[in-house]
Amino acid sequence: MKIAILTSGILPVPAVQGGAVENFLDYFLEYNHQHQLHNITVYSVYHPNVENHPALSSSVNHYHYIDVSSFFAKVRKHLFGYIHKDTHHHYSIEYFLHQSLKHILKNEYDMIVLHNRPGYAEVLIGKTSSKLVYTLYNDKLNSQTRKHQLIYDGASLIISTSNYITDRVKTINDYANKCITVYSGIELQRFNREHVYPHERKSLHLSPDDFVIVFSGRVTPEKGIMELIDAMILLKGHPQIKLLVIGSSFYGNADNKNEFFEKLKKRAENLNDRIIFTGFVPYDQMPQYVSMADIAVIPSVWDDPFPTTVLEAQAIGLPVISTHRGGIPEEVTDETAILLDTDEHFANNLAAAILDLYQHPEKREVMGRAALEHAQLFSKERYAENFFKTISSIIL
């Protein structure tokens, strides 16, 4: 099958600048290369770091890059935005789509995959006879989406990362089976504790006797970091409980100087050395940091579609404390995680759950073993295999 994949128009593929959605795409492109399944062309923004990347040598995966960053490209983008005002996305993304279509429409593809960009369909419908497939990793297609019925009707298949996202799509059409859930996966080997050499705790001013909680992800309001700090304040009588925050830090980052970060910094200032902010950590170093912890807390207060941080913590063998939001309940079991409601008692219940695991090491051990076993269901290989089986079903 001859397939075109339209990426987000923001980050490059291969994922040389990170991005969970871009990493997912790398996973099934790697699988396609290994198994020689389909002839795939990926349309991506250009970044100099993609030059000489080994993925570009594949005989079945091809990469077509769009310049969006040079001086002349920026001028053309602004001109495009001035002319095309009523668009689904920001003019920069629409410019990327416009430039990609110049190449796509000259080729005859059996299928065009809109990678986490269902809104691209607004432009594609009526211009191509290729089957349109949408992959959804976020809540981007529901009854409140602009031109949702047009976009929904234009799809031959919609692949979502969780039943939560599938149910959101079904707010458009609750009786159709066009949307199928394919759980995304992670690189389990990378997070295999047997192959991970944790950073020494003393490098972060942690002692062997400390009880370390790890939070990883964006340090933003919806991720529940403020509520986690409130829980740490409630646990002030237990000085050995420490919090390791892995992610974009407000310290010294100009782009993080906003009202939320100032409020967060003020709330955390009385906790002294009990909260350690690492700042940004490259993904390939994440296992070394996460494996220093005793438990993981992912306190999302929004409907997180399917956060990979939950999978990564389980793959390391950590008990998880998280919330009944979005797709999170689909990633865990009662044996691997404690899930909480994000109500007015959330911070108190969070503190109580942390204290429970702190005081019961035998419970942590049982949950950790269960987490390791459960994580095996979410390998990147299984994800890629299921993805290709699903898209092949609409051709057969």
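Here goes a summary of the coordinates provided.

What counts, and where the lines are drawn
Counting starts from 1 at the beginning of each chain's written sequence and moves along it residue by residue. The predicted nature of this model means local features are confined to residues of pLDDT at least 70 and side-chain atom pairs, given and counted, to a pLDDT of 80 or more, with totals for whole chains, interfaces and linings taken over all residues. Processing note: side-chain calculations cover all non-hydrogen atoms of the structure and skip hydrogens and water entirely. Secondary structure elements follow DSSP: runs of H or I no shorter than four residues count as helices, runs of E no shorter than two count as strands, and numbering proceeds from the N terminus. Three exposure classes are used, based on accessible area relative to the maximum for each residue type with a 1.4 Å probe and protein chains only: buried under 20%, partly exposed in between, and exposed over 50%. Any two residues whose heavy atoms approach within 4.5 Å are treated as being in contact. When DSSP finds at least two bridges between two strands, those strands are taken to pair. What counts as an axis is a line fitted to C-alpha atoms, over the stretch in contact for a helix, and the angles between N-to-C directions run from 0 to 180 degrees. Ring pairs are drawn from Phe, Tyr and Trp, using the six-membered ring of Trp, whenever the two centres fall within 6.5 Å, and their geometry is named by plane angle: stacked under 30 degrees, edge-to-face over 60, tilted for the rest. Only when the NZ of Lys or the CZ of Arg is both within 6 Å of the ring centre and within 35 degrees of the ring normal is a charge said to sit over the ring. What a helix should span is 1.5 Å times the count of its residues minus one. In protein, a polar contact means a hydrogen-donor-capable atom and an acceptor-capable atom, both N or O and within 3.5 Å, with residues adjacent in sequence counting only if both atoms are side-chain atoms; elsewhere, any N or O pair within 3.5 Å suffices. To be clear, the arc concerns the directions from the helix axis to the C-beta atoms. Only one rule defines a salt bridge in this text: a Lys or Arg side-chain nitrogen within 4 Å of an Asp or Glu carboxyl oxygen.

### Observations concerning unusual backbone geometry
The omega torsion across Val13 and Pro14 is 0 degrees, close enough to zero to call that bond cis. Looking at where Pro14 falls in the secondary structure, it is placed in the loop between strand S1 (2–6) and helix H1 (20–35). With a phi angle near 60 degrees, His205 is a residue other than glycine that sits in the positive phi range. Looking at the secondary structure, you find His205 in the loop between strand S7 (179–181) and strand S8 (211–216).

### Brief notes about the environment of Leu37
Mapping Leu37 onto the fold places it in the loop between H1 and strand S2 (39–45). By relative accessible area, Leu37 is classed as partly exposed at 36%. Residue contacts for Leu37: discarding those within four places in its chain leaves Tyr31, Asn32 and Phe388.

### A few points about the sheet that holds S8
Across the sheet, six strands lie side by side as S10-S9-S8-S11-S12-S13; this open sheet has parallel pairing. On the outer flanks of this sheet lie strand S10 (275–279) and strand S13 (337–340), each paired with one strand and no other. Within the sheet, the average angular offset between the axes of one strand and its neighbour, ignoring direction, is 25 degrees. In the packing of helix H11 (residues 346–359) onto the sheet, the strands contacted are S8, strand S9 (241–246), strand S11 (295–297), strand S12 (320–323) and S13, and the crossing angle to S13 comes to about 165 degrees.

### Focus on the packing of aromatic side chains
Within this structure, the stated rule accounts for 17 aromatic pairs. Connected via pairs of aromatic rings, a cluster forms that spans Phe24, Tyr27, Phe28, Tyr31, Tyr137, Tyr383, Phe387 and Phe388. Residue placement shows Lys2 over the ring face of Tyr109; its charged tip is 5.2 Å from the ring centre. Across the ring face of Tyr152, the terminal group of Lys178 is positioned such that the distance to the ring centre comes to 4.5 Å.

### Regarding helix H3 (residues 91–104)
An ideal rise of 1.5 Å per residue puts 20 Å on 14 residues; H3 measures up with 19 Å between its terminal C-alpha atoms. Summarising the contacts, the buried residues of H3 are in contact with S1, S2, strand S3 (61–66), helix H2 (71–83), strand S4 (111–115) and helix H4 (121–124).

### Quick word on the side chain of Arg201
Looking at the secondary structure, you find Arg201 in the loop between S7 and S8. The class of Arg201 is buried, set by a relative accessible area of 16%. At 3.2 Å, the side chain of Arg201 forms a polar contact with the backbone oxygen of Ser207.

### What about H2?
Counted at 1.5 Å a residue, the expected span for H2 with its 13 residues is 18 Å, and the 19 Å between its end C-alpha atoms agrees. Within the sequence span of H2, burial applies to Ala73, Lys77, Phe80 and Gly81. Taken around the axis of H2, the buried residues stretch over an arc of 95 degrees, which confines them to a single face. Summarising the geometry of H2, the exposed residues directed more than 90 degrees from the buried face are Phe71, Phe72, Leu79, Tyr82 and Ile83.

### Considering the pattern of salt bridges
Following the criterion strictly, the structure yields 18 salt bridges and no others. Among the salt bridges present, the one from Asp303 reaches Arg325, with a minimum N-O distance of 2.9 Å. Note that Asp303 is positioned in the loop between S11 and helix H10 (308–316) and Arg325 in the loop between S12 and S13, a separation of 22 residues in sequence. Residue classification places Asp303 among the partly exposed positions, given a relative accessible area of 28%. Taken together, the shared-partner salt bridges in this structure form one network comprising Glu30, Glu187, Arg190 and Lys380.

### Some thoughts on the environment of Leu56
Inspection of the secondary structure assignment puts Leu56 in the loop between S2 and S3. A relative accessible area of 34% means that Leu56 is categorised as partly exposed. Residues Leu56 and Gly237, 181 residues apart in the sequence, show an inter-C-alpha distance of 55 Å. Among all residues touching Leu56, those that are not within four sequence positions of it are Pro14, Val50, Tyr63 and Tyr65.

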